[in-house]
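What follows is the residue order along each chain.
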Amino acid sequence: MRTQVAIIGSGPSGLLLGQLLTNAGIDNIVIDRVSKDYILGRVRAGVLEEGMVGLLNRAGAGSRMHAEGLPHEGVLLAFDGQDHRIDLFGLTDKRVMVYGQTEVTHDLMDKREATGGITIYEAGNVTPHGFAGEQPYITYEMDGTTHRIDCDFIAGCDGYHGVSRKSVPEAAIKTFEKVYPFGWLGILADVPPVSHELIYANHPRGFALCSMRSETRSRYYIQCALDEKIEDWGDDRFYDELRRRLPSAHAEAMVTGPSFEKSIAPLRSFVAEPMRFGKLFLVGDAAHIVPPTGAKGLNLAASDVHYLFEGLQEFYGERSTAGIDAYSPRALKRIWKAERFSWSMTMMLHRFPDTEGFGQKIQEAELDYLVHSTAASTALAENYVGLPY
């Protein structure tokens, strides 16, 4: 097979890039090692920046998002038993959209099928080759046969554990990482959200987040130790602990119900530099991970797609390499700002093993300053809604 851009990974970043390329008349093939049903079964993020909303519109995959998504104009910071609202729209003239990543992926899959895009699922041993030279290609196995896709460029949209970054020579890449000493225990339940806006809670017992996927489906998290076991956390115990970490008005109003998904996620920050290796480009989680505290993971993948798509469009439209040459530095500049924001939110809202004495007083002062200073609130708001591309 022959294509212009071969995309490894059919998550939202790979599908979004593929659809933008298809709409621009640039041939592409998406390939993934797992099945379509497996991808749609993954539960992930759900807060979209305006930049990502715009890209989904541009891809022609935004209609259901606008019909079913929940535009949010503010977020709540809860501490000292009280809510403190950050007016995102009033401070930035921008909103965020609450719409689940699974739904984004579903919409992009439907659009790809409707426009005739080729996606190869359940491909074994997917491997990029020759990206340091002029003739890159991908091999994969299916039905006992090895297949080959020749291409001009390879986009590695296959996540943190994918093959793309692992295929880069170790000496050519530098990584930066911070691992946090706790995780998030999260549940999904078909119950109405406790608040119509997200609640980020700082409490002596630990951080909590009340989010949602719709007006009838809630996503709740509590900070937990890394050695906690899922089987030790029945729904009643989870809800009891969540209530303890929220202001009393929310705790009393919370509607509970059986969870249908429960998981513990460790938190870490990770960046790989550079993001381009000859004809191979890393996109999204293949190049960077952020703690979920700032809702930046999926949105950073979208901004990577924006920069790479611009570069590829310029290459095929004008035969200029300026855009693809600038991809890595442009993407990394925004990535590091989002890494800083996610780190700062994580540090401000969680209880660390050493958050006692001086450290605790600093955290309290940071929160108090943030909600009583228009300048500080504006800085948080403009990062939360998303810095410009």
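A brief report on the enclosed structure follows. Counting starts from 1 at the beginning of each chain's written sequence and moves along it residue by residue. pLDDT decides what is reported in this predicted model: residues at 70 or higher carry local features, side-chain atom pairs at 80 or more are listed and counted, and totals for whole chains, interfaces and linings draw on all residues regardless. Side-chain figures throughout are based on the complete set of non-hydrogen atoms in the structure, without hydrogens or water.

### Considerations on helix α1 (residues 12-23)
Alright, step 1. In this model α1 runs 16 Å from its N-terminal to its C-terminal C-alpha over twelve residues, within 8% of the 16 Å that 1.5 Å per residue would give.
Alright, step 2. Of the positions making up α1, those classed as buried are P12, S13, G14, L15, L16, L17, G18, Q19, L20 and L21.
Alright, step 3. Here, residues are in contact when the closest pair of their heavy atoms is within 4.5 Å. Helix and strand assignments come from DSSP, with helices taken as H or I runs of at least 4 residues and strands as E runs of at least 2, each series counted from the N terminus. Check the buried side of α1 and you find it contacts β1 (5-8), β2 (28-31), α3 (50-58), α6 (101-114), β12 (153-156) and α10 (297-318).
Alright, step 4. Residue G25 follows α1 closely and has a positive phi angle near 80 degrees. Expected span of a helix: the number of residues minus one, times 1.5 Å. The cut-offs for exposure are 20% and 50% of the maximum accessible area for each residue type, with area from a 1.4 Å probe on protein chains only; residues under the lower value are buried, those over the upper are exposed, and the others partly exposed.

### Regarding unusual backbone geometry
Alright, step 1. Residue P274 follows E273 across a cis peptide bond; omega there is -10 degrees.
Alright, step 2. By the element assignment, P274 lies in the loop between β17 (259-273) and β18 (276-277).
Alright, step 3. Of note in the backbone geometry, D80 takes a positive phi value of approximately 55 degrees without being a glycine.
Alright, step 4. In this structure, D80 sits in the loop between β5 (74-79) and β6 (82-87).

### Here's the deal with the pattern of salt bridges
Alright, step 1. Throughout this description, the term salt bridge denotes a Lys or Arg side-chain nitrogen within 4 Å of a carboxyl oxygen of Asp or Glu. A full pass over the atoms with the stated rule returns 21 salt bridges.
Alright, step 2. The salt bridge partner of E241 is R205, with a shortest N-O separation of 2.8 Å. In this pair, E241 sits in helix α8 (residues 235-244) while R205 sits in the loop between β14 (199-201) and β15 (208-212), placing the two residues 36 residues apart along the sequence.
Alright, step 3. Residue E241 is classed as buried on the basis of its relative accessible area, which comes to 6%.
Alright, step 4. Of the charged contacts, one joins K262 and D235 as a salt bridge, the two residues approaching to 2.9 Å between their closest N and O atoms. Note that K262 is positioned in strand β17 and D235 in helix α8, a separation of 27 residues in sequence.
Alright, step 5. Bridged by salt links that share partners, the residues R64, E68, E103 and D107 form one connected network.

### Considering the packing of α1 against α6
Alright, step 1. Only C-alpha atoms enter the line fits that serve as axes; for helices the fit covers just the stretch in contact. Angles between N-to-C directions range over 0 to 180 degrees. Running from amino to carboxyl end, α1 crosses α6 at an angle of 35 degrees, the nearest separation of the two axes being 9 Å. Handedness of the α1/α6 crossing: left-handed. Contacts between α1 and α6 involve P12, L15, L16, G18, Q19 and T22 on the former and, on the latter, Q101, V104, T105, L108, M109, K111 and R112.
Alright, step 2. Gly is placed with the polar residues, together with every amino acid not listed as nonpolar (Ala, Val, Leu, Ile, Met, Phe, Trp, Tyr, Cys and Pro) or charged (Asp, Glu, Lys and Arg). Its residues assigned to classes, the contact of α1 with α6 comprises six nonpolar, five polar and two charged. A clockwise turn of the near helix away from the far one marks a right-handed crossing, whereas an anticlockwise turn of less than a right angle marks a left-handed crossing.

### Thoughts on α8
Alright, step 1. Regarding α8, the residues found buried are D235, F238, Y239, E241 and L242. Angular distribution of buried residues about the axis of α8 spans 165 degrees; they occupy a single face of the element.
Alright, step 2. Those residues of α8 that are buried lie in contact with β13 (174-189), β15, β16 (218-224) and β17. To be clear, the arc concerns the directions from the helix axis to the C-beta atoms.

### Some details on the nonpolar core
Alright, step 1. One finds L16, L17 and L48 to be the most contacted residues of the largest nonpolar core, which totals 74 residues.
Alright, step 2. For this core, the leading source of residues is α10, giving ten residues.
Alright, step 3. Beyond its immediate stretch of four places on either side in the chain, L48 contacts V53, L56, M65, V96, M97, Y99, V104, L298 and N299. Residues belong to a common nonpolar core when they are buried Ala, Val, Leu, Ile, Met, Phe, Trp, Tyr or Cys residues joined through side-chain atoms within 4.5 Å.

### Points about the pairing of β15
Alright, step 1. Extensive coverage of β15 is indicated by the burial of five of its five residues.
Alright, step 2. Going residue by residue along β15, you find A208, C210 and M212 tucked away on one face and L209 and S211 tucked away on the opposite face as well.
Alright, step 3. DSSP bridges decide pairing: two strands pair if at least two such bridges lie between them. As paired elements, β14 and β15 share three bridges and run antiparallel to each other. By the bridge assignment, I199 is partnered in β15 with C210.
Alright, step 4. Direction of pairing for β15 relative to β16: antiparallel, over a ladder of five bridges. Residue pairing in the sheet places A208 in a bridge with I222 of β16.
Alright, step 5. With antiparallel pairing between neighbouring strands as the criterion, β15 and β16 make up a hairpin whose turn holds five residues.

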